[in-house]
Amino acid sequence: MALVRGLAGVLAGVMLSCGDSLVDGAYSGTPRFTVNGRVGGTSEYVDPDHPEVRIGVFWSVRAKVQGADDVLVEQPAAALLAEYYRPFELKLFDEPGAEHLVTTPAGMRYGVAWLAAYQDANGNGRRDEAEPLIGGSMGRVLIRALDALPARDSPTGAALASGWHIVSLPLDCPRPAGPPPGGGSSPQPVADGECGVPLGAPCRNDAECGGGVCVHDFAGPWPTGACLIPEPPPNGCRQRGSVLLRDPDDSTKGYWLKACTVSAECGRGPPYQCDQQLRACRPSSDVQVDMNDRGPPRSYCKPPEGAPPPP
């Protein structure tokens, strides 16, 4: 047994020497879930000569309805030391505790977490009150659904299977009772055509996408490209069953993506997955932690129509 432990330690040291990730602590067995990500941006709190920051998992315990300010609770022993512009692997070996979870009226449990950055000044492996949050996963959250959630109880606004999920923001959180602000949404374009586009397939150029286009960057990089249909489509054809992803900077533009319910339907490996907020295939399984001197936004919910997004 001592020999086995010794070999495990040697192997762990070899893996860390490759530079793919900076992992704290001893080997803890098989992780329940692994989050892959990268730290970017700038912060006045970070010394350029020593650009390490600690990345922790902070569960939201209040932002369950639109407009609610978040209250974040860090999960103990779920943090690592990461460097600017280098990939990291954050391995979760424990389930979130009861203090990290939301319980629906029907008794189903789930949690929504940000990855947030801070400087661990005293090196105790957790954030203390005097250590401000200086960055966060602005475009992604981690969801742990301990039970399968029907649409009415899901933070995504759609049924969500039990398990771990990395989901794009903002989420379609439950809305307060009453008519929608601003008198309702404008009519949405309808995807009902037979366009013959291999949506989501890897590509090098538009010629490989039939009547679609080959996209390499849209709301983030699309590694090895993906065949999508622009909105509005030049030929007027929107593929039946596809899902529209709007341009975050111009809501009149966007692309139609391959619809899905599980990642296996996407036919591609990470970072491509079935994004459970959109129910569409996109490269959203990796998490970017942006340094901004403020930490994560106040809420993960989609703001009401006409309201500015949370800072």
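My aim in this report is to walk through the structure given alongside it, one point at a time. Owing to the predicted nature of the structure, the values given are computational and were not obtained by experimental measurement. (Residues numbered from 1 in each chain as written. Predicted model: local features only at pLDDT ≥ 70, side-chain atom pairs only at ≥ 80, totals over all residues. Heavy atoms only, no water.)

Bringing the packing of aromatic side chains into the picture now. Aromatic ring pairs are described here by two measures, namely the spacing of the ring centres and the angle between the planes. Evaluation of the coordinates by the stated rule reveals four aromatic pairs. A ring pair is formed by Phe33 and Trp164, whose centres lie 5.6 Å apart and whose planes are at 10 degrees; its orientation type is stacked. Separated by 131 residues along the polypeptide, Phe33 in strand β1 (residues 33-41) and Trp164 in strand β9 (residues 163-168) bring together distant segments of the chain. The residues Phe33 and Trp164 share a single accessibility class, namely buried. It is Arg268 that lies over the ring of Tyr272; its NZ or CZ is 3.8 Å from the centre. (Phe/Tyr/Trp six-rings, centres within 6.5 Å; stacked < 30°, edge-to-face > 60°. Helix = DSSP H or I, 4+ residues; strand = E, 2+ residues; numbered from the N terminus. Buried < 20%, exposed > 50% of the residue type's maximum accessible area, 1.4 Å probe, protein only. Lys NZ or Arg CZ within 6 Å of the ring centre and 35° of its normal.)

Okay, the side chain of Ser284 next. Position of Ser284 relative to the elements: it lies in the loop between β15 (280-283) and β16 (286-291). The class of Ser284 is buried, set by a relative accessible area of 0%. There is a polar contact of 3.2 Å between the side chain of Ser284 and the side chain of Asp275. Aside from chain neighbours lying at most four places away, what touches Ser284 is Arg140, Ile166, Ser168, Pro271, Gln273 and Asp275. (Polar contact = N/O pair within 3.5 Å; in protein donor to acceptor, adjacent residues only side chain to side chain. Contact = heavy atoms within 4.5 Å.)

Residue Leu169 is joined to Pro170 through a cis peptide bond whose omega torsion reads 0 degrees. Mapped onto the fold, Pro170 is located in the loop between β9 and β10 (213-217). Here the amide bond leading from Glu231 into Pro232 is cis, since omega sits at 0 degrees, within 30 degrees of zero. Here Pro232 lies in the loop between β11 (221-231) and β12 (243-247). Of note in this structure, Ala219 is not a glycine but carries a positive phi near 55 degrees.

A complete count under the given rule lists six disulfides for this structure. Between the sulfur of Cys195 and that of Cys237 lies a disulfide, 1.9 Å long from S to S. In this structure, the disulfide formed by Cys195 and Cys237 twists by about -95 degrees around the S-S bond and is classed as left-handed. One end of the pair, Cys195, is in the loop between β9 and β10; the other, Cys237, is in the loop between β11 and β12, and 42 residues separate them in sequence. Each member of the pair, Cys195 as well as Cys237, is classed as buried. One disulfide bridge connects Cys260 with Cys274, the sulfur atoms lying 2.1 Å from each other. The sign of the S-S torsion, about 100 degrees, decides the handedness of the disulfide formed by Cys260 and Cys274: right-handed. Of this pair, Cys260 sits in the loop between β13 (250-257) and β14 (272-275) while Cys274 sits in strand β14, placing them 14 residues apart in sequence. Here Cys260 and Cys274 have matching classes, each one buried. (Disulfide = S-S within 2.5 Å.)

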